[in-house]
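Understanding the architecture of this molecule
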Amino acid sequence: GILFIFGRSARIRMASRFLYRTQTLPAKLEDVYNFFSDPHNLEEITPPFLNFIILTPRPIEVNKGTIIEYRLSLHGFKLKWVSKISAWNPPYYFIDEQIQGPYKSWVHEHIFESSSGKTIVNDKVSYEVPGKFMEPLIHRLFVQPDLMRIFNYRTETLDQIWENKARNQNDS
C-alpha cells in the first residue's frame, strides 16, 4: 500500500513543507535496508524523465557524513544535487540532506520497520521551495506534481523489484 500526505507547518519555518509516504514490501528488513542504502539503486527507482545519474564513483561506502553527488534534469534545467548522510542506523533508518540542489532545504528520513516478515518503508521529507512570494504557486504547479510523479514511479518500481525477487526465489 501507499500513503501520501502533503503538509505545511508554521512551527519550523513558514515555507517548510512535508511529504509522508508509506509502502510495505514483501521482504526482510535487512534486505530492504541494504537495497535502499546502496545509492546506485536510486538510479533504478528514479523516473527516466529526470535523467538521474550518480556522479560519485563506485563503490560508495555509506555511513554518517558520506557525501553523494548526482546530476538530473528537471523542466529543461540541468541540476547538480549534493546530499550528505546526516544519520545512519542500519537497518532501521538513515537521513539524507541536500547540501546543494534545487530546494532551499531538503531532509529525507528513510525509516524501516519489520512487520510479519515484510518491511514497512516510511519516507518523511521536509523541504523548502525557493521563490519567496511565488513559492505557493511554484509548489502547486511544479514541485508537488513532480514529487507525486517521482514517488509514484518509485512505489511502482519497488513493487516490481520485490515481486520479481519473490518470484525468482519461488522458482528456485
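Structural notes, computed from the coordinates. (Residues numbered from 1 in each chain as written. Predicted model: local features only at pLDDT ≥ 70, side-chain atom pairs only at ≥ 80, totals over all residues. Heavy atoms only, no water.)

A short note on the pattern of salt bridges
In total, this model carries 4 salt bridges according to the counting rule given. Here Arg-21 makes a salt bridge to Asp-123, at a shortest N to O gap of 2.5 Å. Residue Arg-21 is located in strand E2 (residues 16-25), and its partner Asp-123 is located in strand E8 (residues 118-128); the two are separated by 102 residues in the primary sequence. For Glu-69, the salt bridge goes to Lys-80, with nearest N and O atoms at 3.3 Å. With Glu-69 in strand E4 (residues 67-74) and Lys-80 in strand E5 (residues 77-89), this pair connects stretches of sequence that are 11 residues apart. (Salt bridge = Lys/Arg side-chain N within 4 Å of Asp/Glu carboxyl O. Helix = DSSP H or I, 4+ residues; strand = E, 2+ residues; numbered from the N terminus.)

So, the nonpolar core
Counting 35 residues, the largest nonpolar core has Val-32, Phe-36, Tyr-103, Phe-112, Tyr-127, Leu-147 and Trp-162 as its most contacted members. Within the residue set of this core, elements represented by two or more residues are E2, helix H1 (29-36), E4, E5, strand E7 (105-115), E8 and helix H3 (135-171). Take this core: its biggest share by element is 7 residues, from H3. (Core = buried A, V, L, I, M, F, W, Y, C linked by side-chain atoms within 4.5 Å. Buried < 20%, exposed > 50% of the residue type's maximum accessible area, 1.4 Å probe, protein only.)

Things to note about H3
In this model, H3 (37 residues) spans 51 Å end to end at C-alpha, consistent with the 54 Å of a helix rising 1.5 Å per residue. Maximum bend of H3: about 35°, positioned at Val-143, with proline Pro-145 one to four residues after it. (Expected span 1.5 Å × (residues − 1). Bend = angle between axes of the 7 residues up to and from the residue.)

Let's talk about the packing of aromatic side chains
In the structure shown here, the tally under the stated rule is 15 aromatic pairs. Arranged with centres 5.9 Å apart and planes meeting at 70°, the rings of Phe-35 and Trp-162 form a pair that is edge-to-face. Of this pair, Phe-35 sits in helix H1 while Trp-162 sits in helix H3, placing them 127 residues apart in sequence. Assessed through its relative accessible area of 9%, Phe-35 is described here as buried. Residues Phe-94 and Phe-112 carry aromatic rings whose centres are separated by 6.2 Å and whose planes lie at 25° to one another, so their mutual orientation is stacked. Of this pair, Phe-94 sits in strand E6 (residues 93-100) while Phe-112 sits in strand E7, and the two are 18 residues apart along the sequence. For the pair Phe-94 and Phe-112, a shared accessibility class is recorded, and that class is buried. Cluster of aromatic residues (ring-pair linked, three or more members): Tyr-33, Phe-35, Phe-36, Trp-88, Phe-94, Phe-112 and Trp-162. (Phe/Tyr/Trp six-rings, centres within 6.5 Å; stacked < 30°, edge-to-face > 60°.)

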